[in-house]
Every structure is written in C-alpha cells, then in structure tokens.
Amino acid sequence: RSAVVFSAVMTQLGFVTILLGLMLLAAAGGADRFADLSSVPPGVRTAVFVLTLAGFGSKSGLLPLHAWLPRAHPEAPSPVSALMSAAMVNLGIYGIIRFDLQLLGPGPRWWGVTLLVVGAVSALYGVLQASVATDLKRLLAYSTVEICVALGAATLLAASGAASAATVAMAAALLHLAAHAGFKCLGFLCAGSVLASTGLRDLDRLGGLARRMPATTILFGVAALGASGLPLGAGFVSEWLLVQSLIHAPLHRDTLVALATPLAVGAVALTAGLGVAARVEAFGGGGLARPRSDAAAGAREAPSSMLIGMVAAAGACVV
C-alpha cells in the first residue's frame, strides 16, 4: 500500500510540474499550439527547461526523483512492471527530447552539462544499488541506462559546434531508448515467470533454474546481455556509439568539452562494468547455482502463454 501511495504522489507531482512548465511556455509564447509558439524569452526558456526536466525526469527515474521506481516494481504485477519500465520510463525520456531539446532548443551548454551530470549520477547510483540488491525485480528496477548521458552529450557537443559528434550521441540515445524497451520488458516478464513458478523474488533463495526452467533462463540471459551493453546484446551498439561520440569530440575547441567528455567516458565505463557484475550475479545466482529453497527445487517451466510474450520481447532485443 505504501508503494502505491508513494508512486501516486510522485506521479501526480511530476504531472503538476510538467503542466506548470507548459502553461508558462504557452503564456510566454502567446499560443497553446506548438506550431504557433512565437519566440520565448531566455529566462522563460530556462524556467520551462527546469520544470519539464524535473517532471519528465521523475517519470524516467532520474535522480533525485527516482525513489518511486524501486518501491513500485517489486510490488506491481510483473506485466505492469514491464509496461512501466519499457513504456513509461521511455515516455519520460521522449518528453525531454520533445520539449527540452526540440521545442525549446537549441539550448545553451549548461543544459547539456546538466543532463550529462544528472544522467551519469543516476546511472552510477542505480547500478550500485542493483549490485547489492537481492530482490530480482528490485535489481531490474535499479538497472539504469545512459540515455540521459547521451542526450546531455548531444546537447553539449551541438552547442560547442561539434555537430558530427552530437549527431552520433543523439543516435546513441535513440537506439538505447529502443533497446531499453526490449530488454527491460523481457527482464520483468522473466522475473514474473520465476515468481509465478516459485513464489520467490529473493535471489538468495533461488538457484538451479537453468535445469528446471531452461527456456526462461535462456530468455533472461538475452535480457541480461542486452542490459550489460556487451557485444551481441541489445544495448551494445548504442553504448559503443555514445563512447565514440565522446572520444572523438573535438577537445581543442572548448575547455568545458575537454573536461566533460573524459569524465563522461569514465562514468559510462564504470556503469557498464558494475552492470555486468550485477547481471552475472542475477543470472548465475538464480539460474546456475544449486537450489537454495524447496520452492526453487520444485520450479516448473512457464506455460506457453507466458513464453510467447517473452519470446516476442527477446525477438525485439535480437533485432
């Protein structure tokens, strides 16, 4: 019950913040249609950016407005968790792209730095929490992506005149957005299959599922590979493009870019490394270890109706 109340409050506060930002934009632009908005004063653009970033950031789980995610996912039915993670979080990112980068943009460099810092801190915090989580669905809820880092890099590089590197960074963000929908949906569906079969989410009480639930284990491996950003996984190409955009940014043009890009590369690399460790723990502890409870020892494979949905999500990850 507390998770429901907390999520409802955070959701409505995010909506109010977005609504305030859009009302301010409409009042300053003299219209309520995006196509009819005239020029907006810089101060109003800044206020709308801050308000909409906070509102959409709360939907996409950015720090410090992320607290509803690890509370809601463990308690929600697994299909609902898959929907929230694959759709709602991505729609929050879409809102940032649509309003902050497209409608209000091109923005100043500090917008890019803000997105870069918020994204990097959110990713690092999330992967650290995932590394120590023992609840399978909580681990998946904390599994973050670097989409906001890519958006910040694209904004900063574009404002600094590095159009080619900014284009690659934006391509990385959009590709990761699609990959995120696939592997997070698949991960939560697999967690729901395990929960339906064993009644457990605790990795310390699972184990031995590779023999008892082979199809679910393989499909969870596809999700874990995609979330880890390793080659052949759904998230590899986008992470590679993000790193390439940061490495090949023209550092001689701007001191801020020269300082920000190496730090961003370090954050992405650290996040990726810790993410691999978290997924190995989940896959190895739940699938490959010996059963650590009677419920895990008596697990049975999910019915075909559940496997169809997981296979479809895995197909999206492979594509």
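Note that the coordinates shown come from a computational prediction; the quantities given were computed from them, not determined experimentally. (Residues numbered from 1 in each chain as written. Predicted model: local features only at pLDDT ≥ 70, side-chain atom pairs only at ≥ 80, totals over all residues. Heavy atoms only, no water.)

Enquirer: Would you mind showing me how to read the layout of surface pockets here?
Expert: Each pocket or cavity is described by its volume, and for the largest pocket that value is around 230 Å³. For the largest pocket, the lining is made up of 13 residues, of which Ala179, Ala234, Ala316, Cys317 and Val319 are closest to its centre. Secondary-structure elements contributing two or more residues to the lining of the largest pocket are α8 (163-198), α11 (236-247) and α14 (304-318). Here the element with the most residues in the lining of the largest pocket is α8; it accounts for four residues. Looking at the second largest pocket, its volume works out to about 180 Å³. Taken together, Leu101, Gly105, Pro106, Gly107, Ala154, Thr155, Ala158, Ala159, Ala166, Thr167 and Met170 make up the full set of residues lining the second largest pocket. (1 Å grid on protein atoms, 1.4 Å probe; cavity = no way out; pocket = protein on both sides within 12 Å on 5 of 7 lines; lining within 4 Å. Points joined across faces, edges and corners; volume = space filled by probe spheres on them. Helix = DSSP H or I, 4+ residues; strand = E, 2+ residues; numbered from the N terminus.)

Enquirer: What exactly am I supposed to notice about helix α7 (residues 147-159) here?
Expert: Structurally, the α-helix is built with 3.6 residues per turn, so residues lying three or four positions apart point the same way. Helix length check: α7 (13 residues) gives 18 Å between terminal C-alpha atoms against 18 Å at 1.5 Å per residue, within 8%. Where burial is concerned, most of α7 is hidden: eleven out of the 13 residues are buried. Those residues of α7 that sit buried are Ile147, Cys148, Val149, Ala150, Leu151, Gly152, Ala153, Ala154, Thr155, Leu156 and Leu157. Buried-residue contacts for α7 involve α4 (78-103), α5 (109-132), α8, α11 and α12 (255-288). Just downstream of α7 lies glycine 161, where phi reads positive at about 90°. (Expected span 1.5 Å × (residues − 1). Buried < 20%, exposed > 50% of the residue type's maximum accessible area, 1.4 Å probe, protein only. Contact = heavy atoms within 4.5 Å.)

Enquirer: What is the right way to read unusual backbone geometry from this model?
Expert: When glycine is set aside, most residues are seen to have a negative phi, and most peptide bonds are trans. In this structure, leucine 232 is a non-glycine residue whose phi angle is positive, near 75°. With respect to the helices and strands, the residue leucine 232 is situated in the loop between α10 (214-228) and α11.

Enquirer: What is the right way to look at the state of the cysteines in this model?
Expert: By definition, a disulfide is the covalent link that joins the sulfur atoms of two cysteine residues. Taken as a whole, this structure holds zero disulfides when the rule is applied. Here cysteine 190 is not cross-linked by a disulfide; its sulfur's nearest cysteine counterpart is in cysteine 317, at 9.2 Å. (Disulfide = S-S within 2.5 Å.)

Enquirer: Before we go on, may I ask you to explain the packing of aromatic side chains in this structure?
Expert: To describe a pair of aromatic rings, one takes the distance between the centres and the angle between the planes. A full pass over the atoms with the stated rule returns five aromatic pairs. With a centroid separation of 5.7 Å and an interplanar angle of 85°, the aromatic rings of phenylalanine 49 and tryptophan 110 are classed as edge-to-face. Residue phenylalanine 49 is found in helix α2 (residues 42-60), and its partner tryptophan 110 is found in helix α5; the two are separated by 61 residues along the sequence. Classification of phenylalanine 49 as buried rests on a relative accessible area of 1%. Among the aromatic residues, ring-to-ring pairing joins Phe49, Trp110 and Trp111 into one connected group. (Phe/Tyr/Trp six-rings, centres within 6.5 Å; stacked < 30°, edge-to-face > 60°.)

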